[in-house]
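# Structure at a glance
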Amino acid sequence: MSFEHPFAQYVRILGKGKRGSRDLTQEEAYAAMCMILADQVRAEQLGAFLMLLRHKEESASELAGFVEAVREHNGFVTSPLQTSVDLDWSTYAGKKRHQAWFLLVALLVAQQGFKVFMHGAKGHTIGRVYSEDLLAELGFNAAQDWAEVDQQLNQQNFCFMSLSQLSPELNNIINLRNILGLRSPVHTFTRLLNPTQAKHTIDGVFHPAYGPLHQQTANLLKQPRSLTIRGDGGEAEIRPDADGELQWADDSQHINQPWPRLLSQRAIPPTELSADYLRDVWHKVREDEYGEATIVSTTAAIILLLKLTDERQEAITMARQWWQNRQDFA
């Protein structure tokens, strides 16, 4: 090649050494991701770009630029739905230690009349179970297009859509995890896509540093109200056997809120994760102290997110009432 590839400038910005490299601006990140989504980047460039970002660690401006590019490329600048969504819930981590209690929380919130849109990916990290598969076993199959999303939201106030449908381009990149050996920035910013333009969003992180990063990115994207939870395995699920912190953001500020544990002792993880176990607890066939405390605590946080109350204890009381009065779903 006798001329420099147009994408080379973005690789150079990130890889010019300790003194010469820098973060991408939001505009540069947007332009770079537009090229990636349009398949205007060579495979060597994409791998270098992703791993340089991974080594450096993403900035809020980079994540915001990436999200803006994906929203424009995939038609998410305005909601693709006729139905208004109350809560956008991203689920990209998968579970490997505890049951996926947050799925029951989402269904519980939907039973109260709030429309919950959940999106995620599966299979990118070995040894984990993923929301799409568990939900299918519970009777909630992933929507295949936006018309089906509207239909499911109107029928049951809940819908799941896979990243493979939301953005096939990003789905291909996120599945490079097992080729590159490391997660990439796609694992981070897919959590922040909010494709339906819901006013309330919830996402989970595993590493502590990513919570503030998500808050800062939400500010740049002018998200009306968002909640980030450092949850079990990186999902948006509060651990009830450990003191935690909720990280809130709106379009102008972000705050951290201490969140005390509900259980005094650490729980022993189960030997198997399954949809059957979740179904049995929901239908009162079996009891699980850790699971029910997780559900109550996480639901209480969502009650605060939706601004049904401003008081933590009142939110916990409401969450317990919702859980006690739950209806069969399948």
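Here's a quick rundown of the structure. Because the structure is predicted, anything quoted here is derived from the model rather than measured.

The next point concerns the pattern of salt bridges. In total, this model carries 14 salt bridges according to the counting rule given. Between Lys-56 and Glu-62 there is a salt bridge whose closest N-O contact spans 2.9 Å. Using a relative accessible area of 25% as the deciding quantity, one classes Lys-56 as partly exposed. For Lys-95, the salt bridge identified is with Glu-237, shortest N-O distance 2.8 Å. With Lys-95 in the loop between β1 (87–91) and α6 (101–111) and Glu-237 in the loop between β5 (225–230) and β6 (244–250), the pair connects residues that are 142 residues apart, well separated along the chain. Each member of the pair, Lys-95 as well as Glu-237, is classed as buried. What you see here is one network of salt bridges that share partners, running through Lys-95, Arg-97, Asp-232 and Glu-237.

Next up on the list: the sheet that holds β6. The sheet built from seven strands is open, its strands ordered β3-β2-β1-β4-β5-β6-β7 with mixed pairing. For this open sheet the edge positions go to β3 (158–162) and β7 (254–259), each flanked by a neighbour on one side alone. For this sheet, the mean angle separating the axes of adjacent strands, direction not counted, is 20 degrees. Strand direction decides the pairing type here: β5 and β6, joined by five bridges, are antiparallel. Bridge pairing links Arg-225 to Asp-250 in β6. Most of the contacts of helix α8 (residues 146–156) go to β3, to which it runs at about 155 degrees, and overall it touches β2 (116–120) and β3. Against the sheet, helix α13 (residues 210–220) makes contact with β4 (200–205), β5, β6 and β7, and its axis sits at roughly 15 degrees relative to β6, the strand it touches most.

About the thresholds
Residues numbered from 1 in each chain as written. Predicted model: local features only at pLDDT ≥ 70, side-chain atom pairs only at ≥ 80, totals over all residues. Heavy atoms only, no water. Salt bridge = Lys/Arg side-chain N within 4 Å of Asp/Glu carboxyl O. Buried < 20%, exposed > 50% of the residue type's maximum accessible area, 1.4 Å probe, protein only. Helix = DSSP H or I, 4+ residues; strand = E, 2+ residues; numbered from the N terminus. Pairing = 2+ DSSP bridges. Axes fitted to C-alpha atoms, helices over the stretch in contact; angles between N-to-C directions. Contact = heavy atoms within 4.5 Å.

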